[in-house]
Amino acid sequence: MVIMYRGLEHDVHRERAHDAAVSSGTGDVAVLTPPEDTAGCVISIESAPVRITFDGERPTESYGLLMRPGEHALPLGREMRFISTQENESATVSVLWLRVKLSGEPST
């Protein structure tokens, strides 16, 4: 699979394409750390809404990007921290890590 974005070709990461993490509630920060040469990712919210940060700060009920189930995003490949916005409801975030596809290199 190749994704064209801003003139660059992106491909699924070879070593670790898929990843997921779960936050069990507003006090449980889950972390997704990208592989070393990740350029970006596709995020999918699988259950309860979440607050996600990309700056290393702890997300709170009012700080971080609010994402709801069924929403998808294509952010840069950075470590992300997230919490469920529901006190006692687990939230799962799944990602597909992407890397810049080098010229002439086959797709994974």
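The structure we're discussing is the one just above.
Residues numbered from 1 in each chain as written. Predicted model: local features only at pLDDT ≥ 70, side-chain atom pairs only at ≥ 80, totals over all residues. Heavy atoms only, no water.

Trainee: Now, about the pattern of salt bridges: what can you tell me, with residues and values included?
Mentor: For the structure on display, the rule yields 2 salt bridges. Measuring nitrogen to oxygen at the nearest pair gives 3.0 Å for the salt bridge that ties aspartate 19 to arginine 16. Take aspartate 19: its relative accessible area is 22%, and that puts it in the partly exposed class. For arginine 16, a relative accessible area of 32% gives the class partly exposed. Close ionic contact of glutamate 79 with arginine 81 constitutes a salt bridge, the shortest N to O distance being 3.2 Å. Residue classification places arginine 81 among the partly exposed positions, given a relative accessible area of 26%. (Salt bridge = Lys/Arg side-chain N within 4 Å of Asp/Glu carboxyl O. Buried < 20%, exposed > 50% of the residue type's maximum accessible area, 1.4 Å probe, protein only.)

Trainee: Any details on the pairing of strand β6 (residues 50–53)? Residues and values, ideally.
Mentor: Along a regular strand, successive side chains alternate from one face of the sheet to the other. Going residue by residue along β6, you find Val50 and Ile52 tucked away on one face and Arg51 and Thr53 tucked away on the opposite face as well. Two strands pair when backbone bridges link them, and β6 and strand β7 (residues 65–67) are joined in this way by 3 bridges, in the antiparallel orientation. Across the sheet, the residue bridging to arginine 51 is leucine 66, located in β7. Sheet topology note: the β6/strand β9 (residues 80–84) ladder contains 4 bridges and is antiparallel. From the neighbouring strand, valine 50 faces β9, where its bridge partner is serine 84. (Helix = DSSP H or I, 4+ residues; strand = E, 2+ residues; numbered from the N terminus. Pairing = 2+ DSSP bridges.)

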